[in-house]
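One-letter residues, chain by chain:
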Amino acid sequence: MDKLIVHGGATLKGAVNISGSKNASLPILAATLLTEDDCIIRRVPDVSDTNYMVQILNSLGAEVERSSGTVRIKCGEVMEVAPYDLVRRMRASICVMGPILARQGRVVVSLPGGCVIGDRPVDLHLMGLKALGAKVEMEGGDITLTAPDGLKGAAMDLRGTSGPTVLGTDNVMMAATLAEGVTTIESAAAEPEVVDLANFLNSMGAKITGAGTRRITIEGVEKLHGVEHTVIPDRIEAGTFMAAAALAGEDVVLNRLCRDHMIEVTAAIEESGHTVEFNEAGDRCVVRRGEILRGVELETAPYPKYPTDMQAQMTALLATTPGISVIKDAIFPQRFMHCAELKRMGADIKVKDGTAVVRGVAQLSAAPVMASDLRASAALVLAGLTAKGATEISRLYHIDRGYEHIDEKLLMLGAHVERLQA
Ligand code: UD1
């Protein structure tokens, strides 16, 4: 298994291009199952999660070609059973469920297990698809959904105890595009990735309104057609590089991001004392490390509020920011595995009841650390950038799930990082 060695102390300078969004790419790739025509999707990041999705589509019968960020897919015929071996590796593979059900009237998919960031149920996905008329059965760890007479539009509220569900909204929205009649999703997720999927579906001929608000309306159509689409920038990768620049940078430029998707993350970086300056178009910014730094209070919540996927990276930044910071993760209260590793590097963090209290220390010191999930591993890389000595991060496959060529991008900015291949 690959390891990453981060030698602390280098100053980051220069510019980095932000990749296309992993979390937008995954449901958009799955949505190609809704048509037998060719679809071309651009700016799909080269990360292992999008590779898994391509493999899943292949195994479902799709013809897929991939080169330089462009994926061309033709799902001429679609099988109904998503293979367990591939599906179990990535929780987001659950988003093939809605499109296969809509196209074939039946789907069998493995129930995703829990993961280190929490229990992660799919009850809301199933509630929504049931409302559209699907019959749900569970056996041997598989979920089978059937709708032999087709799906029927319905009104539903997809709010769970932690708020809306992103992939649940995606699954129901995709299934409803081919249902008979009108579907209304109340308490829908409003994340930019949901809007990107709705735009993709609308250009395929779907009739969706309200994406980006809490109420999405979908008027079912008979058929969808092929389309070309460019995926939105990855706001979490952009936020991660913003945090890296704030920690260890000197006027770092981030290209190809979207200001409107970054409001809360930008505000948090600025509140801790750094400056972020966007160009007029909002697709480029310069991050300047501040001189007078201070702790902040953050609480993760559904979009447009502060994203849970930027909680770990911000915790790493605040670990060496003077003052006390309080970080609450209301979406995944167990998502603090990175704190134990940061503490091994000398951070002063106390975690209780889904909240981390961070007392900024002057400097962290390098230690061998273990990545526990995708964003936690990014936090460890950030911590290593300014730590004294060489931080050795193992289980690097977590970071490769969602950050395109992160070591090369950091090297281009002047960081001293090495990937050791096992
Ligand atoms: C997506 C993102 C993930 C991000 C998360 C929250 C992708 C591929 N992944 O995951 O990176 O961290 O949104 O912003 O886009 N819940 C239920 N029942 C359900 C579904 C979810 O109770 O059926 C709960 C979850 O446990 C969690 C909350 O709802 O507490 C939000 O989860 P959800 O938005 O569904 O996360 P994902 O879509 O899986």
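Counting starts from 1 at the beginning of each chain's written sequence and moves along it residue by residue. Per-residue local features are limited, in this predicted model, to residues with pLDDT of at least 70; the limit for side-chain atom pairs, both in listing and counting, is 80 or more; totals at the level of whole chains, interfaces and linings are taken over all residues. The basis for every side-chain value is the complete set of heavy atoms in the structure, and neither hydrogens nor water enter the calculation.

Some details on the overall build of the chain
Now for step 1: Runs of E in the DSSP output that reach at least two residues are strands. Runs of H or I that reach at least four are helices, and both are numbered from the N terminus. In terms of helices and strands, the chain carries 14 helices and 23 strands.
Now for step 2: Computed over its C-alpha atoms, the radius of gyration of the chain comes to 21 Å, within 12% of the 22 Å expected for a compact globule of 422 residues.
Now for step 3: Counting only C-alpha atoms, the chain reaches 65 × 45 × 40 Å along its principal axes.
Now for step 4: Split into buried and exposed, the 422 residues of the chain put 57% on the buried side.
Now for step 5: Any pair of residues with heavy atoms lying within 4.5 Å of one another is described as a contacting pair. Across the chain, the fraction of contacts at a sequence separation of at least 24, relative to all contacts at a separation of at least 6, is 73%.
Now for step 6: When the accessible surface of the chain is totalled, it reaches about 16800 Å², and 48% of it is carbon and sulfur.
Now for step 7: Charge counting treats Lys and Arg as positive and Asp and Glu as negative, with His and both chain ends excluded. One atom stands in for each charge, and that atom is NZ of Lys, CZ of Arg, CG of Asp or CD of Glu. Across the chain, the mean location of the 43 positive side-chain charges is 4 Å away from that of the 53 negative side-chain charges. When we talk radius of gyration, it's over C-alpha atoms, and the globule rule is simply 2.2 Å times the number of residues to the 0.38. Relative accessibility thresholds used throughout: buried, under 20% of the residue-type maximum; exposed, over 50%; partly exposed, between the two (1.4 Å probe, protein chains only). Residue burial considers only the protein chains on display, and all accessible areas are found by Shrake-Rupley using a 1.4 Å probe.

Quick notes on unusual backbone geometry
Now for step 1: Of note, the amide linkage connecting Y303 to P304 takes the cis form, showing an omega dihedral of 15°.
Now for step 2: Following the sequence through the fold, P304 ends up in the loop between β17 (297-300) and α10 (311-318).
Now for step 3: Phi is positive for S68, which is not a glycine, with a value near 45°.
Now for step 4: Judged by relative accessible area, S68 falls into the exposed class, the value being 78%.

Details of the environment of L111
Now for step 1: Summarising the element assignment, L111 is placed in the loop between β6 (106-110) and α5 (123-131).
Now for step 2: Residues L111 and V87, 24 residues apart in the sequence, show an inter-C-alpha distance of 8.9 Å.
Now for step 3: Residue contacts for L111: discarding those within four places in its chain leaves V122, M138, G141, D142 and I143.

Observations concerning the site of the ligand
Now for step 1: Residues are counted as near a molecule or strand when any one of their heavy atoms sits within 4 Å of it. The ligand sits among 19 residues. The nearest are D123, L124, T165, V166 and D309.
Now for step 2: Here a polar contact is taken to be a pair of N or O atoms separated by no more than 3.5 Å, where protein atoms must pair a possible hydrogen donor with a possible acceptor and residues adjacent in sequence count only if both atoms sit in side chains. Between the ligand and the protein, one listed contact pairs an oxygen atom with a backbone N or O atom of P121 at 3.3 Å.
Now for step 3: Measuring from an oxygen atom of the ligand, one finds a backbone N or O atom of L167 at 2.8 Å.
Now for step 4: Look at the ligand: alone it shows 740 Å² of surface, and the protein chains cover 89% of it.
Now for step 5: Looking at the shell around the ligand, the elements with two or more residues in it are α5 and α6 (166-177).
Now for step 6: Top contributing element to the shell around the ligand by residue count: α5, with three residues.
Now for step 7: Looking at which domains feed residues into the shell around the ligand, each of domain 1 (2-19 + 233-421) and domain 2 (22-230) supplies at least three. Segmentation into domains, and thus their bounds, comes from an automatic or database assignment.

Digging into helix α11 (residues 337-344)
Now for step 1: When α11 is considered as a whole, its buried residues turn out to be H338, C339, E341 and L342. Buried residues of α11, viewed axially, fall in a sector of 165°; they line one side.
Now for step 2: Tucked inside the fold, the buried residues of α11 contact α10, β19 (348-352), β20 (355-359), β21 (368-370) and α12 (374-386).
Now for step 3: A positive backbone phi angle near 100° is found at G346, which sits one or two residues after α11. Arc definition: directions from the helix axis to the C-beta atoms.

A short note on the domain arrangement of the chain
Now for step 1: When its domains are assigned, the chain resolves into domain 1 (2-19 + 233-421) and domain 2 (22-230).
Now for step 2: Put simply, the middle of domain 1 and the middle of domain 2, counted by C-alpha atoms, are 30 Å apart.
Now for step 3: Across the contact, 27 residues belong to domain 1 and 21 residues belong to domain 2.
Now for step 4: Once two parts are brought into contact, the accessible area they lose, counted with a 1.4 Å probe and summed over both, makes up the buried area. Overall, the association of domain 1 and domain 2 removes approximately 1900 Å² of surface from exposure, summing both partners, and the carbon and sulfur fraction of that is 50%.
Now for step 5: Counting the surface domain 1 buries against domain 2, the share from its top three residues, Y303, F332 and R401, is 27%.
Now for step 6: Put simply, a salt bridge is a Lys or Arg side-chain nitrogen that is within 4 Å of an Asp or Glu carboxyl oxygen. Where domain 1 packs against domain 2, one counts two salt bridges.
Now for step 7: Connecting domain 1 to domain 2 are 10 residue pairs in polar contact (both at pLDDT 80 or more).

A few points about the pattern of salt bridges
Now for step 1: Scanning the model with the defined rule gives 20 salt bridges in all.
Now for step 2: The residue D49 makes a salt bridge to K22 at a minimum N-O spacing of 3.2 Å. Of this pair, D49 sits in helix α2 (residues 48-59) while K22 sits in helix α1 (residues 22-31), and the two are 27 residues apart along the sequence. Summarising the burial analysis for this pair, D49 and K22 share the class buried.
Now for step 3: Shared partners join several salt bridges into a network, and the residues in it are D2, D400, D407 and R419.

Considerations on the nonpolar core
Nonpolar side chains in soluble globular proteins generally cluster together in the buried interior.
Now for step 1: Side-chain atoms within 4.5 Å link the members of a nonpolar core, which is a set of buried Ala, Val, Leu, Ile, Met, Phe, Trp, Tyr and Cys residues. By size, the foremost hydrophobic cluster in this structure holds 75 residues, and its most contacted members are M173 and L201.
Now for step 2: Excluding residues that lie within four positions of it along the chain, L201 makes contacts with A31, L34, M173, M174, T177, A206, I208 and L224.
Now for step 3: Membership of the second largest hydrophobic core comes to 67 residues, among which are A248, A268, V369 and L396.

What to know about the sheet that holds strand β7 (residues 135-139)
Now for step 1: By definition, two strands form a pair when at least two bridges between them are found by DSSP. The three strands are arranged β6-β8-β7 in an open sheet whose pairing can be described as antiparallel. In the strand order of this sheet, the two ends are held by β6 and β7, each with one partner. Strand after strand, the sheet turns through a mean of 15° between neighbouring axes, direction not considered.
Now for step 2: In this sheet, strand β8 (residues 142-146) lies alongside β7 in antiparallel orientation, the contact comprising five bridges. Its bridge partner lying in β8, E137 is registered against T144.
Now for step 3: Sheet contacts for helix α4 (residues 97-104): β6 and β8; angle to β6, the most-contacted strand, approximately 155°. In this analysis, axes come from line fits to C-alpha atoms, helices being fitted only over the stretch in contact, and the angle between any two N-to-C directions falls in the range 0 to 180 degrees.

Description of empty space enclosed by the protein
Now for step 1: The way it works is a 1 Å grid over only the protein atoms, where trapped points that fit a 1.4 Å probe form a cavity and open points with protein on both sides within 12 Å along at least five of seven lines form a pocket, and then any residue with an atom within 4 Å of a point lines it. Grid points are joined across faces, edges and corners, and a volume is the space filled by probe spheres set on the points. Summed over the entire model, instances satisfying the criterion amount to one cavity of 30 Å³ or more.
Now for step 2: Each pocket or cavity is described by its volume, and for the largest cavity that value is around 40 Å³.
Now for step 3: T240, F241, A244, A378, V381, L382, I406 and L410 together form the lining of the largest cavity.
Now for step 4: Mapped onto the lining of the largest cavity, the elements with two or more residues apiece are α8 (235-248), α12 and α14 (406-412).

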